[in-house]
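Here is what each chain is made of, one letter per residue.
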Amino acid sequence: MHVDPLEKRWLYVVGGIVAFTIAVQVYYAAAKNIHPPSNVQTIDSAKLHLSKEFAEDKLGVHKNADGSLDVTMVAARYGFYPQEIVVPIDTPVRLRIASLDVLHGLLVPYSNLNLMVVPGYISEGNTTFTKLGEFPMICNEYCGIGHDYMYARVRVVPKNN
Amino acid sequence: MSITAEEAGRLSRTQSTTASAISLGNRLGMSNLWVAFMALLLGLPMGLYQVAERSGYFPWLESSHVYFASTSTHGVLMAYVLTTFFMMGYGYHSMAHSLKIKTWSPLFSWVGFYLAVFGTALAALMLLTGKASVMYTFYPPEMANPLFYIGAVLLVVGSWFWCIDMIAGMTQWKKQNPGKPVPLVMFGTTINALLWLWTSAGVAIEALFQLVPVSLGLKETLDPGMARTLFSWTLHAIVYVWLIPAYIAMYTLVPKLAGGKLFSDEFARIAFVMLFIFSVPIGFHHLYMDPQQAAGWKLLHMLGTFMVAVPTFLTGFTVLASLEIASRLRGGKGVFGWMMSVDWKEPMVVAGMLAMFMLTFGGFGGLINASYSLNAMIHNTQWVTGHFHLIFGGTTVIMYLAVAYWVWPKITGRQLFSKAMAVWQLWLWFIGMLVLTLPWHYIGLLWYPRRVSSTPYEHVGVVAQWGIYELMMVVGGAILVVSGLLFIYNLIRTHFNKTAERDLTVSYAEAIHPPLKVPNILNSLTFWNWAMVAYMLISYGYPLLQFFFIGTHGAIPYGI
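Residues numbered from 1 in each chain as written. Chains lettered and ligands numbered in written order. Predicted model: local features only at pLDDT ≥ 70, side-chain atom pairs only at ≥ 80, totals over all residues. Heavy atoms only, no water.

Q: Would you mind going over the overall build of chain B with me for this structure?
A: Within chain B, the regular secondary structure consists of 17 helices and zero strands. The globule rule puts the C-alpha radius of gyration for 560 residues at 24 Å, and the 24 Å found for chain B is close to it. Along the three orthogonal principal directions, the C-alpha set of chain B runs to about 85 × 50 × 45 Å. Split into buried and exposed, the 560 residues of chain B put 64% on the buried side. Nonlocal contacts in chain B, meaning residues at least 24 apart in sequence, comprise 84% of its contacts between residues at least 6 apart. Charge-centre separation for chain B: the mean point of 29 positive side chains lies 11 Å from the mean point of 20 negative side chains. (Helix = DSSP H or I, 4+ residues; strand = E, 2+ residues; numbered from the N terminus. Rg over C-alpha atoms; globule rule 2.2 N^0.38 Å. Buried < 20%, exposed > 50% of the residue type's maximum accessible area, 1.4 Å probe, protein only. Contact = heavy atoms within 4.5 Å. Lys, Arg positive; Asp, Glu negative; His and termini not counted. Charge placed at Lys NZ, Arg CZ, Asp CG, Glu CD.)

Q: Looking at this model, I keep getting lost on a nonpolar patch on the surface. Mind explaining?
A: Residues and elements named next belong to chain A. Together, Phe20, Val24, Tyr27, Tyr28 and Ile34 make up a nonpolar patch on the protein surface, roughly 480 Å² of accessible area in all. Structurally, isoleucine 34 is set in the loop between α1 (5-30) and β1 (41-42). According to the relative accessible area criterion, isoleucine 34 is partly exposed, its value standing at 36%. (Patch = residues over 30% accessible without salt bridge, like charges linked within 9 Å, V, L, I, M, F, W, Y side chains within 5 Å. Areas by Shrake-Rupley, 256 points an atom, 1.4 Å probe, with all protein chains shown as cover. Salt bridge = Lys/Arg side-chain N within 4 Å of Asp/Glu carboxyl O.)

Q: Just to check I follow, could you spell out the interface of chain B and chain A for this structure?
A: Interface extent is often summarised as the accessible area lost during association of the parts. Contact with chain B, which involves 73 residues of that partner, is made by 62 residues of chain A. Approximately 5,900 Å² of surface area, both sides summed, lies buried where chain B meets chain A, with 67% of it carried by carbon and sulfur atoms. Sorting the residues of chain B by area buried against chain A places Pro291(B), Trp447(B) and His459(B) first, and these three jointly supply 12% of that buried surface. The tally of links between chain B and chain A comes to three salt bridges. With its nearest N and O atoms 2.4 Å apart, the salt bridge here joins Arg153(A) to Glu458(B). Counting the contacts that link chain B with chain A gives 27 residue pairs in polar contact (both at pLDDT 80 or more). Ranked by residues supplied to the side of chain B that touches chain A, first place goes to helix α10 (residues 295-307) of chain B with seven residues. Split into classes, the residues belonging to the side of chain B that touches chain A amount to 42 nonpolar, 22 polar and nine charged. (Buried area = accessible area lost by both parts, 1.4 Å probe. Polar contact = N/O pair within 3.5 Å; in protein donor to acceptor, adjacent residues only side chain to side chain. Nonpolar A, V, L, I, M, F, W, Y, C, P; charged D, E, K, R; others polar.)

Q: When you look at the environment of Leu438(B) in this model, what are you seeing that I'm missing?
A: All names here are of chain B. For leucine 438, the location among the structural elements is in helix α14 (residues 419-445). Judged by its relative accessible area of 38%, leucine 438 is partly exposed. In the structure, leucine 438 is positioned 383 residues away from serine 55 in sequence and 16 Å away in space, judged by C-alpha atoms.

Q: Sorry if this is basic, but what is going on with the environment of Trp408(B) here?
A: All names here are of chain B. Of note, tryptophan 408 is situated in helix α13 (residues 382-412). The class of tryptophan 408 is buried, set by a relative accessible area of 0%. When the C-alpha positions of tryptophan 408 and proline 140 are compared, they lie 41 Å apart, and in sequence the two are 268 residues distant. Here tryptophan 408 is in contact with Met30, Leu33, Trp34, Phe37, Gly413, Leu491, Thr494 and His495, once residues within four sequence places are set aside.

Q: Where do I start with the pairing of strand β7 (residues 104-107) of chain A in this structure?
A: Along a regular strand, successive side chains alternate from one face of the sheet to the other. Residues and elements named next belong to chain A. What you see with β7 is no split at all: His104 and Leu106 on one side and Gly105 and Leu107 on the other are buried throughout. When β7 meets strand β8 (residues 114-117), the two strands line up antiparallel, connected through four bridges. Bridge pairing in β8 places histidine 104 opposite valine 117. In textbook terms, the turn of a hairpin is the stretch between consecutive antiparallel strands, and for β7 and β8 this stretch comprises six residues, one of which, tyrosine 110, has a positive phi near 65°. (Pairing = 2+ DSSP bridges.)

Q: Help me understand α13(B), please; the structure alone is not making it clear to me.
A: Residues three or four positions apart in an α-helix share a direction because the helix packs 3.6 residues into each turn. All names here are of chain B. Its axis deflected by about 35° at valine 397, α13 carries its strongest bend there. Most of α13 is tucked away: 30 of the 31 residues are buried. Looking at the residues trailing α13, positive phi occurs at glycine 413, about 75°. (Bend = angle between axes of the 7 residues up to and from the residue.)

Right, dumping it as structure tokens:
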């Protein structure tokens, strides 16, 4: 087999690029514990109204003892429930959401919150909002003809409010 | 020197077998390629309609029903029909001309073709009547009319006939030519056939065990988590199935038509086997944001995803080196100056250069999508659609177009209607693609979600920043439609061209060091097939098995 010296050099360069990019990813995953949302928890989407976590009166923002927040939501054609959440800035938020019907997604501009909501599973995302104001929480997965109109509001307020 | 009557008889028999193999390959090639490019012709204006509808500047166009039917049709036509039929047509042509043997049964090949055409027609009927607006990614538990899934399955099954033809052809040739390297064009084509069998298995399982039974009402529920996992098996590798024919043209036609030689035959083979092995078992980067798979598996798939960048880096190097050699033979000078001296009048060379340029941008975007954590910034935003239009519609399809310009005169025996128009058409394609996809990437970074027909959010601060870029995209889309029409016009006029094509011989680029013998591992698919079995068991074994014991709840189907 014939390998040109130029090819050999290029192979080292390519190996270097790939090794470096993989190393960066593995470092942030292992050392900084940065992972995509991956909790693998199942739930019966047909019985959300009876579940301990996602029944209608359990939805919304809950404050934990350490000051962090738990937000519980349901995604259903064509809205997120509750339709507005109010969270203080610079506060760790854990969002847990389940779908009542079909696939949905969730994306909040100016944040790193981006989740798939798959019926039968609970999606969980962690974030901290760092910009004051009101933002849309957009459904970013096609869920039917009314998909465009599926969004909720996130109001990020100063901390002492 | 005289030859005996017996030898003469054998010689003429060989010649007539070769001639009939070539004639069959040409007919199968042309039939498949026309179906492919009809899909392109139908799909293109839909793309323009979608970008205009979505922009909000044309209120009279707005209709979410039409939009989602159109998006689903555009996706199926471009991603499944154009690609599958192109791969089959180009493959049949390459097999006939490089191996000079017939497919083992012409009837079998034609049955596969008509099955795929019938399936396409069935699916298209459902799509165009709005009964299958579920996107080309299917998205259960939303359910389309069962005939849509059945049509899609028939298209895939028809293409399996082609896969068998390619694998059987290479096996037969190797038996007749022991120890000789399989011609590169056929090695790439056959590895793509095997890859397509592996790739399509995921979606075939999803269709047969989930989509078809539930849509027919034979089963009450399905698990969308499992469906998405099965679809991810297909969803990344399929883009390599689309890309490989473009790479085959870059390796075997671009250097030849540029007037030079292929820099390395062996490295091309290495790139093909790497594309094969690292394309299927890495699909979880489509599921990074999904809840049904654990982080460790996503990390494992991320490693493979970055490995598949290697063959693309190799291809970029080899193709550019080959073009540089051709340019220097023509008197090209300078570190980058040689790029000016390639044959810019030859469509294949123009396409090769422009494809390389788009591959550089698109590849960079791909690294971001593949990133385990960075993906959160772009997942399901318009960035992703921008990315795959650049790398598929740009890099890949521009090579399909160039192959058509090359192959049409060879098959029809008539000269290309206008070479100059072909060159302009390719430039327009390139410009249209950049005007379309660069703003498209950018609005993705500004959180514009994908797969919406309008953006009625009341948050003006977020929405207002998108407008100007959408307008640019409409312009890009219009340029692409004009370019596509020029392409089809040129092909049709070629059929009726009175000037005969002078050079009907089909030959492929020679390597600088033509391989007399290649290691068996680069001349046979057996080892790689077993390697794929092992890699798939590791990367998809547990993630699929888990659905049988983690206590899933089926989801009931919903209409659209």
